[in-house]
Amino acid sequence: MSELLPIRGAPGSPYTRKMLALLRYRRIPYRYIQGARDATDMPQPKVSLIPILYFPDEHGGLTAEVDSTPIIRHLEDEYPGRSVIPSDPAAAFLNYLLEDYGDEWLTKAMFHYRWHYQVDIDMAGSILPHYHDVSLSDEQAALRKKQFSERQIARLYVVGSNETTTPVIEDSYRRYLSCLNEHLKVYPFIMGQRPGSADFACFGQLTQLVQFDPTPAALAAREFPRVHAWVSKTEDLSGLEVANAEFVEVDQLPTTLKALLTEVGRTYVPVMLANAEALDQGLEMVSTVVEGKTWEQQPFPYQGKCLQWLRVEYARLSTDDRARVDALLAGTGCETLVAPAAV
Ligand SMILES: N[C@@H](CCC(=O)N[C@@H](CS)C(=O)NCC(=O)O)C(=O)O
């Protein structure tokens, strides 16, 4: 394809940053549409989310797609080379799981920190409206700040951020940074010597946590400068040569990656399972225990689907590859996600 691929999003959107960094790494030429004003002649997606990617349809027009995870797989089919999906199915499953962790768990920390403490609320509220229009008058900007902050704070419940879950989310953010910090001492990327889609998912959330919102950014700069540097570098990997670089060898899983999976098993796993069960039973609240602390939130239907999709990935594996995945998940707490009784 020689045309520029249109992508619409905003700098304050972690999923937009995930996709932009992925497009740069994959050397897929794109045009980045920021804000609604420049997208008036573009088709609307089925669900109103960003980023939106516009692909040619069979009638010579464009079709709008949202949801970064399937879009990344679509791009793999359309553009050859510099793949972000390991060819080894067991490694691809690991990559899928860690991508979903970034998208669905790290985003809880991202949204929580942005809209929980006043210093972060003030900064995001003041800057984000200008991503849509830098020429807003100061009066309009002040009004948008108020409206936008109020709307987002009222949506904290969606990701499960509340007074009960605050310590769980904040402890897990610090532990995640610590695990990533240890892993980066050995490998340049989560997925090994080259980045997988999991790297871009985690990077997307970290652009906000580590580089923008003052509370989580201060923690990262103070305690994990290596992770801070990794986020800045991952923004543009267009010059990274990976012809001879391999994804991680899952049959000899590095201990640092096992530790990262164990962290995933502590938080994402119990919450995803409890959420699915609450949806199944039509409960009004998800209630579980994470690291000995209470977790309570309203059920989140989209994350119920995420767990189903993860299980579809697992079910697609051959018997041999499933056994390899079982071996790498063993003892991490992640095995219950795909345990036979649960499938
Ligand atoms: N699963 C989606 C999530 C996308 C998403 O949640 N985008 C946020 C912004 S980062 C959004 O558009 N929220 C609705 C809004 O802001 O109105 C993906 O991976 O692309």
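Residue positions are counted from 1 within each chain, in the order its sequence is given. The model is predicted, so local features are restricted to residues of pLDDT at least 70 and side-chain atom pairs to those at 80 or more, both for listing and for counting; the totals for chains, interfaces and linings are taken over all residues. Derived side-chain values reflect all non-hydrogen atoms in the structure, with water molecules and hydrogen atoms excluded from consideration.

Residue I50 is joined to P51 through a cis peptide bond whose omega torsion reads 0°. Numbering of helices and strands runs from the N terminus, with a helix taken as a DSSP run of H or I at least four residues long and a strand as a DSSP run of E at least two residues long. Turning to its location among the elements, P51 is positioned in the loop between strand 2 (30-34) and strand 3 (52-56). Unusually for a residue other than glycine, R27 sits at a positive phi of about 55°. Here R27 shows up in the loop between helix 1 (14-26) and strand 2. Throughout this description, buried means an accessible area under 20% of the type-specific maximum (1.4 Å probe, protein chains only), exposed means over 50%, and partly exposed covers the range between. Among the residues examined, R27 registers a relative accessible area of 42% and is labelled partly exposed. One non-glycine residue, R82, lies in positive phi territory at about 50°. Turning to its location among the elements, R82 is positioned in the loop between helix 2 (68-78) and helix 3 (89-116). Overall, R82 belongs to the buried group, its relative accessible area being 14%.

Pairing of aromatic side chains here covers Phe, Tyr and the six-membered ring of Trp, requires ring centres within 6.5 Å, and sorts the geometry by plane angle: under 30 degrees stacked, over 60 edge-to-face, intermediate tilted. Enumeration according to the criterion identifies 9 aromatic pairs in this entry. Considering the side-chain rings of Y101 and Y268, the 6.0 Å spacing of their centres and the 65° angle between planes classify their relative orientation as edge-to-face. Remark: Y268 occurs in helix 12 (residues 268-281) and Y101 occurs in helix 3; sequence separation between them is 167 residues. With 5.8 Å between their ring centres and 70° between their planes, W115 and F148 make a pair best called edge-to-face. Residue W115 is found in helix 3, and its partner F148 is found in helix 5 (residues 138-153); the two are separated by 33 residues along the sequence. Members of the aromatic cluster, each reached through a chain of ring pairs, are Y101, Y176 and Y268. Counting as a charge over the ring demands two things of the Lys NZ or Arg CZ atom: a distance within 6 Å of the ring centre and an angle within 35 degrees of the ring normal. Residue placement shows R322 over the ring face of Y314; its charged tip is 5.7 Å from the ring centre.

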